[in-house]
Amino acid sequence: MRAQLERDFERFGRELPRDFAAHVREHYRIDLSARYLGFALPHPVGKGSGQLSLHESQIEADLAAGLAFVVLKTVIAQDERGARTMGAWATHETKMEVERRTAGTREGWTVTWKGRGWDRSFEEYLALVRVARDVTRGGEMVVVPSVKYHLPLVHEPFREEEYRFTTQALAREWGNAPLPLEKDFSPTLAGDARSDERAAVLRWLTEVPGQIRAAAPVRLGVKLMNARFDDAFQVEMLRATRGADTLIVFNRLFDAEKGVAYGGWELSDRNLRVLSTPGLRPGLAHLTGTGNVCSGRVIAEYALRGCESVQLHTAFQLPLSAYPSRDGSRTQRVLHQMIFDPDDGLVAVLLELEAAGRLARRDGELHFLDLVDAHHQG
Ligand SMILES: Cc1cc2nc3c(=O)[nH]c(=O)nc-3n(C[C@H](O)[C@H](O)[C@H](O)COP(=O)(O)O)c2cc1C
């Protein structure tokens, strides 16, 4: 198996077959099937919302590469007159720096960027949602929109018109109900004065899903932020969230001094630590992991803590020299590394877990989702 994996790693580094999951099933007897927001996926690797899902051409490249799912850039909710309470998040900023970020002895990557949400018109977003809808209906990749809605201070009411107008407009474009949708609680929000009060944050998590559902039938993913409080508060946030089908855990950390969000190993350490809290899982929605997913080994760590898929962002932005492949789009290069790296790729790690007696074959096959179920039982 190891020799075969080395050969596949070598040749797929020149050209990755789009249906690499079928290849893995046939040649390694490993079923990489995964889940995101109620969709069955051929494998667990998707793209998190951000600067890499702004244009149709980006979606096309992801579809061609065989990515499992994409979350569109977050749009800022508005009412029918175009008023946006969270308008401060619709800033235009193009400059991004991809930088090394070290945690102890481990070198990671982070993207430093001062921008926030979608900065073009709502109509242009709706056009992108039509592309998302058509690709999703095609059945080869799932593409879903993401929204940042009004978040009131503790004593303020919710601006229901913004919830209603935005959700209904997206649902109309989508057509067949329910509309799959992510609600983003972002790191810049964690750094904002709105989030100073724990009670305000917990109220959002309890009430925002109901506000969205009151507007239209949705399949709802709630992407939780890393708040500026301790790990126990992260657990409190998970438990406080009502009415989400999937929780995306957890968006980037916020550096209050520099005023920017960041990732790297500190992010995955914190996320995995919180998700390891004993007794956490029962009663929670489905989980999707995000944060420094830089290898198949990290995918498995998230899965062993209950995550049925993962959303990457930083990994798609690295300099070409950081990928082991010699050809292909960035998406192909990432998939090649995540799945086929002979030491840290998902195939290698699943075989390693089998050898260690932590994962068993059923009907002759190893199943990625059994990692998640092992977690449930534990
Ligand atoms: C430049 C940049 C822009 C982002 N914009 C959004 C966004 O608009 N909405 C959102 O939900 N997440 C956003 N994210 C978060 C990513 O989707 C992802 O969850 C996060 O970066 C952690 O994954 P990573 O460590 O693989 O980057 C952004 C991340 C980066 C680096």
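Here the structure is shown first, and the text comes after it.
Not measured: the values here are computed from a predicted model. (Residues numbered from 1 in each chain as written. Predicted model: local features only at pLDDT ≥ 70, side-chain atom pairs only at ≥ 80, totals over all residues. Heavy atoms only, no water.)

Draft legend 1. Spotlight on the packing of aromatic side chains. The final tally for this structure, using the stated rule, is nine aromatic pairs. Here tryptophan 118 and tyrosine 125 contribute two aromatic rings whose centre-to-centre distance is 4.9 Å and whose plane-to-plane angle is 80°, an arrangement assigned as edge-to-face. With respect to class, tryptophan 118 is no different from tyrosine 125; both count as buried. Both rings, one in phenylalanine 122 and one in phenylalanine 165, keep their centres 5.8 Å apart while their planes meet at 45°; by these two values the pair is tilted. With phenylalanine 122 in helix H4 (residues 122-138) and phenylalanine 165 in helix H5 (residues 160-174), this residue pair connects regions lying 43 residues apart in the sequence. Owing to a relative accessible area of 23%, phenylalanine 165 belongs among the partly exposed residues under this scheme. Of the aromatic side chains, those joined through ring pairs into one cluster are Phe12, Phe20 and Phe340. When the ring centre of tyrosine 262 is taken as origin, the NZ or CZ atom of arginine 101, which lies over that ring, is 3.7 Å away. Cation over ring: arginine 198 sits above phenylalanine 229, and NZ or CZ is 4.3 Å from the ring centre. (Phe/Tyr/Trp six-rings, centres within 6.5 Å; stacked < 30°, edge-to-face > 60°. Buried < 20%, exposed > 50% of the residue type's maximum accessible area, 1.4 Å probe, protein only. Helix = DSSP H or I, 4+ residues; strand = E, 2+ residues; numbered from the N terminus. Lys NZ or Arg CZ within 6 Å of the ring centre and 35° of its normal.)

Draft legend 2. Unusual backbone geometry, seen in detail. Geometrically, the link from alanine 177 to proline 178 is a cis peptide bond, its omega value of -5° lying close to zero. Backbone torsion omega between valine 249 and phenylalanine 250 reads -20°, so that peptide bond is classified as cis. If you trace the backbone, phenylalanine 250 turns up in the loop between strand E11 (246-249) and strand E12 (253-255). Positive phi, normally seen in glycine, also occurs at leucine 37, with a value near 50°. Phi is positive for asparagine 292, which is not a glycine, with a value near 55°. Examined against the element boundaries, asparagine 292 turns out to sit in the loop between strand E14 (286-290) and helix H10 (296-304).

Draft legend 3. Looking closely at helix H7 (residues 198-215). The terminal C-alpha atoms of H7, which comprises 18 residues, lie 26 Å apart, in line with the 26 Å expected from a rise of 1.5 Å per residue. At glutamate 207, H7 shows its strongest bend, of approximately 35°, with the proline proline 209 following within four residues. When H7 is considered as a whole, its buried residues turn out to be Ala200, Val201, Leu202, Arg203, Trp204, Leu205, Val208, Pro209, Gln211, Ile212 and Ala215. (Expected span 1.5 Å × (residues − 1). Bend = angle between axes of the 7 residues up to and from the residue.)

Draft legend 4. The site of the ligand, seen in detail. The ligand sits among 20 residues. The nearest are Ser49, Lys73, Thr74, Asn292 and Thr314. The backbone of asparagine 292 places a nitrogen or oxygen atom 2.7 Å from an oxygen atom of the ligand. Interatomic distance of 2.6 Å between a side-chain N/O atom of threonine 314 and an oxygen atom of the ligand. The protein chains hide 96% of the 610 Å² of surface that the ligand would expose on its own. Mapped onto the shell around the ligand, the elements with two or more residues apiece are strand E5 (69-76) and strand E7 (106-113). Classifying every residue of the shell around the ligand gives five nonpolar, ten polar and five charged. (Near = heavy atom within 4 Å. Polar contact = N/O pair within 3.5 Å; in protein donor to acceptor, adjacent residues only side chain to side chain. Areas by Shrake-Rupley, 256 points an atom, 1.4 Å probe, with all protein chains shown as cover. Nonpolar A, V, L, I, M, F, W, Y, C, P; charged D, E, K, R; others polar.)

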